[in-house]
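One-letter residues, chain by chain:
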Amino acid sequence: PLKIMELLPNFFLVQEAGFHTTRVMKIEWYLSSLLIVLFILFPLLLHFGKTFSRLVCPAMSLLLLGYLSHATNKLGGTSDFVFGGILAKTLVRASAEVMFGIFLYDVSEHLRRQTFSKRKKLLLTVAEGGCYLLPLLYSTSDYPMWLDFYAFYFIAFGVCISFSEQSYFAGKCNHPLVYFLGSTALPLYLCQKCGMYLAEGYFADTRLRTLVGCISVITVLIAAVVMPLGKRIQKQLEIQSCKD
């Protein structure tokens with residue numbers, strides 16, 4: 001009974017609130033933190049509107065990420081508690097990332113309404129490509145962990161440019177293949193730990209980039225098996241719901 005009670009916070013995705021729990025899946029921390037933070041930030045955004053999104057969000061995001069950089073020296077680390085052990089680091093990180101996303105949404109909408117010359121569109125296109133390429137190179141390197149803060153900012157600004165649809169890449173991704181790849185994001189995310197454990201067990205002595213490649217391939221194969229099973233379960237639940 002005690003073990004069952006320890007598992008309950010995981011099933012309701014509230015484990016990052018600080019409950020004593022046995023983890024079912026380590027990577028569930030992201031979903032738990034995101035849901036808890038959205039439950040707090042969404043009403044604030046509705047109530048305060050542009051004041052919250054344009055002033056509070058960027059300021060608080062920079063302060064929180066700066067604090068995490070100073071206190072923990074890395075963006076990762078999902079089991080740490082900060083502010084004297086009061087708050088889970090994952091909640092602070094999720095708050096900073098979501099607030100920065102809220103701010104950049106306003107920025108992208110502003111960019112979308114502008115009329116840019118061909119030269120400026122070209123500059124935006126180069127910046128967009130660089131914002132995605134640099135974090136990708138960093139993720140397959142052995143550079144120090146404190147650089148992941150900069151990787152986050154590069155990805156965030158790249159997404160901002162993409163959503164503004166002002167670069168020459170705009171519209172190039174409106175393709176069924178891209179939508180299919182988007183639908184695989186969650187299964188790949190949830191299956192990545194299996195890929196990591198298997199790859200590290202069998203290919204631990206290989207180079208880092210080779211190991212990352214092995215993890216990617218194994219994760220894709222596992223997700224390819226899991227996705228049809230998940231869709232079948234979802235379909236059965238929908239049928240049962242219609243009957244009820």
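Refer to the structure above for everything that follows.
Residues numbered from 1 in each chain as written. Predicted model: local features only at pLDDT ≥ 70, side-chain atom pairs only at ≥ 80, totals over all residues. Heavy atoms only, no water.

*Asks:* Would you take a moment to explain the overall build of the protein chain for this structure?
*Replies:* Within the protein chain, the regular secondary structure consists of nine helices and two strands. Counting from the amino terminus, helix and strand elements in the protein chain follow one another as α-α-α-β-β-α-α-α-α-α-α. Along the three orthogonal principal directions, the C-alpha set of the protein chain runs to about 65 × 50 × 40 Å. Accessible surface for the protein chain amounts to roughly 16100 Å². Of this, 70% is attributable to carbon and sulfur atoms. Across the protein chain, the mean location of the 22 positive side-chain charges is 8 Å away from that of the 15 negative side-chain charges. (Helix = DSSP H or I, 4+ residues; strand = E, 2+ residues; numbered from the N terminus. Areas by Shrake-Rupley, 256 points an atom, 1.4 Å probe, with all protein chains shown as cover. Lys, Arg positive; Asp, Glu negative; His and termini not counted. Charge placed at Lys NZ, Arg CZ, Asp CG, Glu CD.)

*Asks:* I would appreciate a short explanation of the pattern of salt bridges in the present structure.
*Replies:* Within the structure shown, the criterion is met by five salt bridges. Residues Asp-106 and Arg-54 are paired through a salt bridge, measuring 3.3 Å at the closest nitrogen-oxygen approach. Taken together, the residues Asp-106 in helix H4 (residues 89-112) and Arg-54 in helix H3 (residues 50-72) connect sequence positions 52 residues apart. A residue is classified by how much of its surface remains accessible, and Asp-106, at 11% relative accessible area, is buried. With a relative accessible area of 45%, Arg-54 lands in the partly exposed category. Each of the salt bridges in this network shares a partner with another, and the network as a whole consists of Lys-50, Arg-54 and Asp-106. (Salt bridge = Lys/Arg side-chain N within 4 Å of Asp/Glu carboxyl O. Buried < 20%, exposed > 50% of the residue type's maximum accessible area, 1.4 Å probe, protein only.)

*Asks:* Help me understand empty space enclosed by the protein, please; the structure alone is not making it clear to me.
*Replies:* Any empty space left between the atoms is revealed when a probe the size of a water molecule rolls over them. Using the criterion set out here, one finds one cavity of 30 Å³ or more in the structure. What the largest cavity holds in volume is close to 30 Å³. Contributing to the lining of the largest cavity are Trp-29, Leu-75, Gly-76, Gly-77, Thr-78, Lys-89, Thr-90 and Arg-93. (1 Å grid on protein atoms, 1.4 Å probe; cavity = no way out; pocket = protein on both sides within 12 Å on 5 of 7 lines; lining within 4 Å. Points joined across faces, edges and corners; volume = space filled by probe spheres on them.)

*Asks:* What's the story with the packing of aromatic side chains in this structure? I'm lost.
*Replies:* The relation between two aromatic rings is expressed through the spacing of the ring centres and the mutual angle of the planes. Scanning the entire structure with this criterion turns up nine aromatic pairs. Consider the rings of Phe-100 and Phe-152, whose centres lie 5.9 Å apart with planes at 50 degrees: the pair is tilted. Separated by 52 residues along the polypeptide, Phe-100 in helix H4 and Phe-152 in helix H6 (residues 148-164) bring together distant segments of the chain. For the pair Phe-100 and Phe-152, a shared accessibility class is recorded, and that class is buried. Ring geometry for Trp-146 versus Tyr-150: centroids 6.1 Å apart, planes at 75 degrees, classification edge-to-face. You can call Trp-146 partly exposed: its relative accessible area is 38%. Counting every residue linked through ring pairs, the aromatic cluster contains Phe-100, Phe-103, Phe-152, Tyr-153 and Phe-157. (Phe/Tyr/Trp six-rings, centres within 6.5 Å; stacked < 30°, edge-to-face > 60°.)

*Asks:* When you look at the layout of surface pockets in this model, what are you seeing that I'm missing?
*Replies:* Of the voids in this model, the largest pocket is the one considered here, and its volume is about 2300 Å³. Lining the largest pocket are 50 residues, and of these Arg-93, Ser-139, Ile-155, Tyr-189 and Gln-192 sit closest to its centre. Those elements that place two or more of their residues in the lining of the largest pocket are helix H2 (28-48), H4, helix H5 (118-139), H6, helix H7 (176-183), helix H8 (185-202) and helix H9 (208-243). Taken together, the residues that form the lining of the largest pocket break down as 31 nonpolar, 12 polar and seven charged. (Nonpolar A, V, L, I, M, F, W, Y, C, P; charged D, E, K, R; others polar.)

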